[in-house]
Structure formats: structure tokens, C-alpha cells
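Fold and contact review
Each chain, written out:
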Amino acid sequence: MGESIDKIINKTDNVIMSCENHTQLMVAKQYLDLAIKFYKDHKDISRLKEASTRTLAAKGVMLK
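Everything in this summary refers to the structure shown in the same document. Note that the coordinates shown come from a computational prediction; the quantities given were computed from them, not determined experimentally.

**Some thoughts on the side chain of T55**
Among the structural elements, T55 can be located in helix 3 (residues 45–63). Assessed through its relative accessible area of 12%, T55 is described here as buried. In this structure, T55 is in contact with D13, I16 and M17, ignoring residues within four places of it in sequence.

Here's what the structure looks like:
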């Protein structure tokens, strides 16, 4: 794989945290879903899922 899972987690978190409204957050979630699908066989994919789920939830609260 080209990038480490840590870089992917950081990039995904950056995308999520840059969202300014719920529509952008939904697009970020779609990006996350695609990343998970692409890296589904990676041994650390659960780290990406867990980290991103927490970041999505936090940003959702911040946007309320």
C-alpha cells in the first residue's frame, strides 16, 4: 500500500474537521466509506473506522 494507515487516518480526520456544515460532513462520510472499502483488507482498518467514527461524532456535535 502506498500510504501508512496513520497518514490515511490523519487525512481523513483533516477532511472531517474542515467541514463547515452537515452537507459537507455527509460528503466526508462518503469519502470515509470509500477509504474503508478500498483498504478493507488492511490489517489496521479497524483503527481507521474507530478514529473516524469518533471524529465524525465530534464534528457533528460541533456543528449543532
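And the narrative resumes.
**Section: helix 3**
Here helix 3 is 19 residues long and its end C-alpha atoms lie 27 Å apart, about the 27 Å a rise of 1.5 Å per residue gives. When helix 3 is considered as a whole, its buried residues turn out to be I45, L48, A51, S52, T55, L56, K59 and G60. End-on, the buried residues of helix 3 take up no more than an arc of 170 degrees, which puts them together on one face. Facing away from the buried side of helix 3 by more than 90 degrees, the exposed set consists of R54 and V61. Along its buried surface, helix 3 packs onto helix 1 (5–17) and helix 2 (22–38).

**Observations regarding the environment of Q24**
For Q24, the location among the structural elements is in helix 2. What makes Q24 partly exposed here is its relative accessible area of 33%. Setting aside anything within four residues of it in sequence, one finds Q24 in contact with S18 and C19.

Rules used in this analysis
Residues numbered from 1 in each chain as written. Predicted model: local features only at pLDDT ≥ 70, side-chain atom pairs only at ≥ 80, totals over all residues. Heavy atoms only, no water. Helix = DSSP H or I, 4+ residues; strand = E, 2+ residues; numbered from the N terminus. Buried < 20%, exposed > 50% of the residue type's maximum accessible area, 1.4 Å probe, protein only. Contact = heavy atoms within 4.5 Å. Expected span 1.5 Å × (residues − 1). Arc of directions from axis to C-beta.

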